[in-house]
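Observations on the model geometry
Listed here are the chains, written in short residue letters.
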Amino acid sequence: MFSQKNDPKQTPTGLITAIVSNAIRSRASDIHWEPYRDKSEEGTLVRFRVDGILRDIEKISGKTNQGLVVNAIKVMTTIDPTRKRISQDGRFDILIGEATYDIRVSIMPTITGEKIVMRITNKNAFCLPISELGMKGRQLELFKSLINKPEGFVLITGPAGSGKTTTLYSILANLYKREINICTIEDPVEVKFNGINQIQVDHEFGMTFVAGLRAIMRQDPNIIAVGEIRDVETVRTAFQASLVGSMVFSTLHAKDTINTITRLLDMGIEPFFISAALGGVVSQRLVRLLCVNCHGRGCIECHNMGFIKRIGIFEVLKMTERLRQMVLRRTTADELRAAAVEEGMFTFAESVAPLISQGVTTKDEVDSILTLD
């Protein structure tokens, strides 16, 4: 759907609520509010990201309307409406039906006005049962053997938007017991867990990932989750935490399981840390599924895209003694991958083969997703 006109009688807050509701019904993960200016008019273009693809939805014409909408969004998120030349972040909750959605807002100044991106999070959908992540059979059993350990370090990796946070939260929900102490350091805290101790990163007050990790290590933790590894000091501290008796989970931007190990080495992490503490790596992507209504031809149900919804595909590596020795020797990535396959690594190729053979998705779709860094 793409509408050129907006209702002039609708209030900015009412318009925002209507668009957010429409985005949720459309299964959008993000809403983009983009200021535009051409020879004939200016205003805001609204776009939804659905199943990883951005598409135009509506034009809100007029510079005045653009300013009113931006200010209304700022008020909803307690962002300072008087500051227009800096990037700002905020969030608000919205109840649609019986589900509560967390809307994370990022505002960035551009030469045509302030651009806004809203990230939509269904708090209930973030905590999937492990069996519903997309893994089956041997792959699922391998994954369970990685996460059900008393100590060690497991990394969830992939490009932006590949579902890493969902997997991380699902692991925590699966492992939660009243008898253990689970602590997290996150930026931001996307879902609040009763019974789990969550820390929000706050750079203004010195609560960085590293500071939070060090504080957690003094709190007798059984399980630690680090929202994202962003620098050498954070990953080194996480390795240290795993070596002193905690099970540590985190996410990292990396192409695949072997690339994760080589990236850690390139970051300057000592081979000893990786060899001694890394229990395994799970790399993932989200691939689009063919629309069952039109079988890929395009219809109203899939917005003429031919695809609807997405499913996770995974590569699961469990470290073995042979692989640990190869890391210590700084073996090449190609040699490490060949050995990992021999040692039982479940590859992306194994993960997608049944999806393609059963006609659930296409080889072209899989190939396009796996080329993402």
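Just above, that's the structure.
These numbers come from a predicted model, not from an experiment. (Residues numbered from 1 in each chain as written. Predicted model: local features only at pLDDT ≥ 70, side-chain atom pairs only at ≥ 80, totals over all residues. Heavy atoms only, no water.)

Focus: the overall build of the chain
Within the chain one finds 12 helices and 13 strands. The C-alpha radius of gyration computed for the chain amounts to 22 Å, which stays within 12% of the reference 21 Å derived for 373 residues, consistent with globular compactness. Principal-axis analysis of the C-alpha atoms gives the chain an extent of 65 × 50 × 40 Å. By residue count, 49% of the 373 residues in the chain fall in the buried class. In the chain, 60% of the contacts between residues at least 6 apart in sequence involve partners at least 24 apart. Working note: accessible area of the chain is about 18,000 Å², and carbon and sulfur atoms make up 52% of it. (Helix = DSSP H or I, 4+ residues; strand = E, 2+ residues; numbered from the N terminus. Rg over C-alpha atoms; globule rule 2.2 N^0.38 Å. Buried < 20%, exposed > 50% of the residue type's maximum accessible area, 1.4 Å probe, protein only. Contact = heavy atoms within 4.5 Å. Areas by Shrake-Rupley, 256 points an atom, 1.4 Å probe, with all protein chains shown as cover.)

Observations regarding the sheet that holds strand 12 (residues 278-290)
Each strand in a sheet pairs with its neighbour through backbone hydrogen bonds, running either in the same direction (parallel) or in the opposite one (antiparallel). Pairing within the open sheet is mixed, and its seven strands lie in the order 9-8-10-11-7-12-13. In this open sheet, the two strands that pair with only one neighbour each are strand 9 (197-200) and strand 13 (307-318). Neighbour-to-neighbour, the strand axes of the sheet open up by a mean angle of 15°, direction not taken into account. Pairing of strand 12 with strand 13 involves 10 bridges; the strand directions are antiparallel. Opposite Gln 284, over in strand 13, you have Phe 314 as the bridge partner. In the packing of helix 5 (residues 209-217) onto the sheet, contacts are made with strand 8 (182-186), strand 9 and strand 10 (223-226), and the angle to strand 8 comes to roughly 170°. Strand contacts of helix 6 (residues 232-243): strand 7 (152-157), strand 10, strand 11 (247-252) and strand 12, with the helix running at about 140° to strand 7, the strand carrying the most contacts. (Pairing = 2+ DSSP bridges. Axes fitted to C-alpha atoms, helices over the stretch in contact; angles between N-to-C directions.)

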